[in-house]
Each structure stands twice: as C-alpha cells, then as structure tokens.
Amino acid sequence: PNKKFIHMPIMKWNLGTNEAILRLSTILKIHPKRFGYAGLKDKRGVTLQRVSCHMMDAGRLAGITKKFMDKVSGNSNRVLQDGNFILGDFEYRPEGLFLGDNNGNRFSVVIRNCNVVQEENCNIIHKSLSEKGFINYFGKQRFGNNYNTHTVGKYIISKDYKNAIDEILMPNQESQKLDVFTALKHFKDTKNAAESLALLKFKTGIEGLVLSSLARDPNNYKSAIKKLPRKQQTLYCHAFQSYLWNMIVSERISKLGCVVLPGDLIQKARDTPVTIVVDPCTGTSAGEVVLPLPGYDVNYPDNEMKQIYDDVLSRNGVTSETFTSAICKEFNMSGSYRNIIVIPKDVTLTLLPYSDPSDKLIETDLDRVMGVQFLPKSDGQLRALRLEFTLPKSAYATMLIREISMGSIG
C-alpha cells in the first residue's frame, strides 16, 4: 500500500487536540506539522477522532499505546485523573487529513442535578431541538481556557506581537495546571523567560515554545509567535473572526429576529452556492440563512445587516478592508458562511437516576478499551439527563446545552 500517510483514531481525555498532537510529536521527536486532523475536539471529556501522520511507521505508534496500557494495567479511574491519549487501528493512505474534512460529530452528554426535569420536559426539549434547533454560536472553548484566543488573533493581524505574547502567557489559576500557572505567574512577575521555562513540566506546549523563544531572544516577540505551529497561529486569527461572528449574529437576532429578510444570504445545503433572497415567501426557511465570517473572499447581506457588520467591526477596531491585508491572507482569513440556526439530528433524551455525585452514568469508549464493566444505575434520589445527538461540523454541543439549560433544565 501507499505508505505516504498513516491514519489512526486517537482517543484522548483532559487534553485538547493541539496539546495531544504536541505531546505525540515530542514522544516521536518529529515536527507537529506532520500531523493532520479534520477538527478540534474538546479538552473536557473522552473524545475520539481520526488523525493522519506523514511518513510514519505503524510500529512506532503502536508502541506508544502498548507502553501506556502496560503502565496503567486496567485501572481506568487512575487513567482519567491525568490527560493522556491512546492510538490504534492504523491504516496507510495516500492522502492526509485537513481541517474541515469531517462531516460532523456524535455526542453523548450527561447533565447532573436535573431533579426538576420530568418526562414531559424531555418531550418538549426533543421537539424544540428537532424542529427549531438553536442559535449556531461558536462555543466558549473556541476562545480558549482564558477566553482570549480571539484577542491574540486580533493582535497578530494588527502586528502587535508584544500584546499577543502577553495574552498567551497570561496566568490563570482556575484554568491552568499548577506548573503552567506557576511558570506564567513567575514570568509575569519577573519577565525571566528562562527561569519560567524551567518551571514547566511539558516544555513543548504553547507556553513552553513561547518561553523558550523569549529565553533565547527576550524582546523578539514576533519570533516567539512564529515559533508556534502554523495551525496554532491560524487558530488565533480565525478565533477573532468567530468572535466577531458571534457578536454579529447576536445583534441580528435582537434587532431583526430569525425571520428571512429580503437581501439575506441563504445556502440550501453545505458546499452549495450561496444566493441572495429576493422574495422571503418563496419557501426559504430560517435554517437556510447564513451570515459570513468577516474575510477577504465573502459577500455580505444586502439589507440592514450591512450596518450591523460595520458597527460590530468598528467597535473592535477593524473594518472590512482589514481582512484584505497581506497578513490576513497569510493566515487564510478568507471568511466563510455559517448558518444562523443549526438543527441537530438523531436526538435522544433519557432520564437517569443516581445517588452519588461520583456515580458513573455513561459508558465511554475508554471504558470499553480498558475492559471496565459499566453497570447502569437503576435507582437513586438524584436525577440526570443523558443527551445524545449529532451535529454538523463546526457546530458546538455546548451551545445546544446552553439553549436547553436556559429553558427546561433546573
């Protein structure tokens, strides 16, 4: 077979996709850019996704999982305490994976402390999600643990690299592991990159790469940004576009509602042409209305939305012309079209009894791999809601949960 690329599922927990790739690259002593993936999976949760690697032997990859499995010897509770990953089911293919190659994602989520939810509430939630859907916001995780990746992106496209570095190295005790927080707090207090780097357990993460660069060349902030993987730099810039889109769609909903308007842009299906609405009464639904992420290769609605775009961009210190700059083209900030509303598929809701907050209420793929027997709870005074659903790519499960949490779940 053509062995140019090897494909494999990576199962990870308490790790973001980029962090897992950086760790894997360190173990293999290769550059992270040799890996490809279709999308980013959440840090919180047990996730499974396919990744590709350029010119890699399956035996080396299999050895990583074998060493890990031998170490934990079947204790999944111990395994879940720290972030990690396992690999398997290797397959050689002639092409690698790229962002956007996936069709969507399947989710299984448990929401605890839902004692006020009754069966009739589940029916109402199911009907609302299946028929009306929810606003297709980019989820909070799109903007990082410190909720500032979009700010980093704004500084990068403005070529304000010092402020971009300050945002990346911002200490946050609530969202960072102890060694990372300690290192970043030390850097904030002393500006000594070498001493701060020494405090990090993993020196190949984003913070480690930046501190390592600053330790060699303390005032070269642009060089420190360029030491990050290209995909990470691009993620920052695209997060700024996502942040702007969230603000724009919020104003659309509050000022104009979800109804189809003359001059709106619609897309009948993914990867089909975007067209402009002439007559809203010709069978067009709100689920087909799209808004563009600001960029250099998109068309904008020909109605009141023009002013909303101008106002939101102005408040954030940019204009539509900003996205035609060379640096925006460097990071492929062409823009894209995103549905205002997303309707999930194959939605199921199940009420689960339990008695202790630590009770395990859902079987994960990791349990199956580790051979851990899952025994569903049959009674208990507490109640949880298990949600299962499928979303198209780039839609966020957290936004679906936010939608129903604002209504029926107490």
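Residues numbered from 1 in each chain as written. Predicted model: local features only at pLDDT ≥ 70, side-chain atom pairs only at ≥ 80, totals over all residues. Heavy atoms only, no water.

Chemist: Whenever I open this one, the environment of Ile340 confuses me. Can you help?
Modeler: With respect to the helices, strands and loops of the structure, Ile340 is situated in the loop between strand 11 (337–339) and strand 12 (341–342). Taking the C-alpha atoms as reference points, Ile340 and Ile168, separated by 172 residues in sequence, lie 30 Å from one another. (Helix = DSSP H or I, 4+ residues; strand = E, 2+ residues; numbered from the N terminus.)

Chemist: Explain helix 9 (residues 206–216) here, please?
Modeler: Residue pairs spaced three or four apart in an α-helix point in one direction, given the helix's 3.6 residues per turn. For helix 9, every residue scored as buried is listed here: Ile206, Gly208, Val210, Leu211, Ser212, Ser213 and Leu214. Those residues of helix 9 that are buried lie in contact with helix 1 (17–28), helix 6 (161–168), helix 7 (178–190), helix 8 (193–198), helix 10 (221–226) and helix 11 (230–256). (Buried < 20%, exposed > 50% of the residue type's maximum accessible area, 1.4 Å probe, protein only. Contact = heavy atoms within 4.5 Å.)

Chemist: Would you mind going over helix 1 with me for this structure?
Modeler: The terminal C-alpha atoms of helix 1 lie 16 Å apart, and with 12 residues this matches the ideal 16 Å at 1.5 Å per residue to within 8%. In terms of burial, helix 1 is a largely internal element, 9 of the 12 residues being buried. Every buried residue of helix 1 is listed here: Thr17, Asn18, Ala20, Ile21, Leu22, Arg23, Leu24, Ser25 and Leu28. (Expected span 1.5 Å × (residues − 1).)

Chemist: What should I look at first to understand the sheet that holds strand 6 (residues 104–111) in this one?
Modeler: Remark on secondary structure: sheet strands pair via backbone hydrogen bonds, oriented parallel or antiparallel. Pairing is antiparallel in the open sheet, where 3 strands are placed in the order 6-14-13. Both edges of this open sheet fall to strand 6 and strand 13 (345–354), since each of them pairs with a single strand only. When the angles between neighbouring strand axes are averaged without regard to direction, this sheet yields 10°. Sheet topology places strand 13 next to strand 14 (residues 382–392); 8 bridges connect them, and they run antiparallel. Residue pairing across strands places Tyr354 opposite Leu382, the latter belonging to strand 14. The sheet contacts of helix 4 (residues 119–131) involve strand 13 and strand 14, and relative to strand 13 the element is tilted by about 160°. This element, helix 15 (residues 397–405), spans strand 6 and strand 14 of the sheet and lies at about 130° to strand 14. (Pairing = 2+ DSSP bridges. Axes fitted to C-alpha atoms, helices over the stretch in contact; angles between N-to-C directions.)

Chemist: Would you mind going over the pattern of salt bridges with me for this structure?
Modeler: Any two side chains of opposite charge can pair, so long as their charged atoms come close to each other. Inspection of the entire model under this criterion finds 17 salt bridges. Glu330 serves as the salt-bridge partner of Arg230, at 3.5 Å between the closest nitrogen and oxygen. With a gap of 100 residues between them, Arg230 in helix 11 and Glu330 in helix 13 (residues 326–330) connect regions that are remote in the sequence. One salt bridge in this structure joins Glu363 and Arg368, with 3.7 Å as the shortest N-O distance. Residue classification places Arg368 among the partly exposed residues on the basis of a relative accessible area of 48%. Here the salt bridges do not stand alone but share partners, grouping Arg50, Glu91 and Arg93 into one network. (Salt bridge = Lys/Arg side-chain N within 4 Å of Asp/Glu carboxyl O.)

Chemist: I tried to follow the nonpolar core on my own but got confused; where do I start?
Modeler: Nonpolar side chains tend toward joint burial in soluble globular proteins. If you look at the biggest cluster of nonpolar residues, it comprises 78 residues, and the most contacted ones within it are Ile156, Ile168, Leu169, Leu387 and Phe389. For this core, the element with the most residues is helix 11, which contributes 8 residues. Once residues within four sequence positions are removed from consideration, Leu387 is found in contact with Phe107, Ser108, Val109, Ile111, Thr348, Leu349, Leu400, Ile401 and Ile404. Judged by nonpolar contacts, the second largest core, of 19 residues, contains Ile6, Ala20, Cys53 and Leu61. (Core = buried A, V, L, I, M, F, W, Y, C linked by side-chain atoms within 4.5 Å.)

Chemist: What am I meant to see in the environment of Gly88 here?
Modeler: Its location among the elements puts Gly88 in the loop between strand 4 (84–87) and strand 5 (91–93). Gly88 sits in the buried class, given a relative accessible area of 17%. Separated by 63 residues in sequence, Gly88 and Ser25 have C-alpha atoms that sit 16 Å apart.

Chemist: What's the story with the sheet that holds strand 9 (residues 275–276) in this structure? I'm lost.
Modeler: Pairing is antiparallel across the open sheet formed by 4 strands, whose spatial order is 9-8-10-11. Only two strands of the sheet have a single neighbouring strand rather than two, namely strand 9 and strand 11. Two elements, strand 10 (residues 289–292) and strand 11, share 3 bridges in a ladder whose sense is antiparallel. Pairing of Pro292 across the sheet is with Tyr337, part of strand 11. Packed on one face of the sheet, helix 11 meets strand 10 and strand 11 and runs near 135° to strand 10.

Chemist: So what exactly am I meant to see when it comes to the packing of aromatic side chains here?
Modeler: Think of a pair of aromatic rings as described by two things: how far the centres are apart, and how the planes are tilted against each other in angle. The full count for this structure, using the stated rule, is 7 aromatic pairs. Seen in terms of ring centroids, Trp13 and Phe68 are 5.8 Å apart; in terms of plane orientation they differ by 50°. Their pairing is tilted. Of this pair, Trp13 sits in strand 1 (residues 5–13) while Phe68 is found in helix 2 (residues 58–72), placing the two residues 55 residues apart along the sequence. Phe68 gets classed as buried once you look at its relative accessible area, which sits at 11%. Centroid distance Phe143 to Tyr243: 6.3 Å. Interplanar angle 85°. Geometry classified as edge-to-face. With Phe143 in the loop between strand 7 (134–135) and helix 5 (149–157) and Tyr243 in helix 11, this pair connects stretches of sequence that are 100 residues apart. Given the relative accessible area of 21%, Tyr243 is considered partly exposed. Three or more aromatic residues joined by ring pairs form one cluster here, namely Phe138, Trp245 and Tyr396. Just above the ring of Phe202 sits the side chain of Arg23; from NZ or CZ to the centre is 4.1 Å. (Phe/Tyr/Trp six-rings, centres within 6.5 Å; stacked < 30°, edge-to-face > 60°. Lys NZ or Arg CZ within 6 Å of the ring centre and 35° of its normal.)

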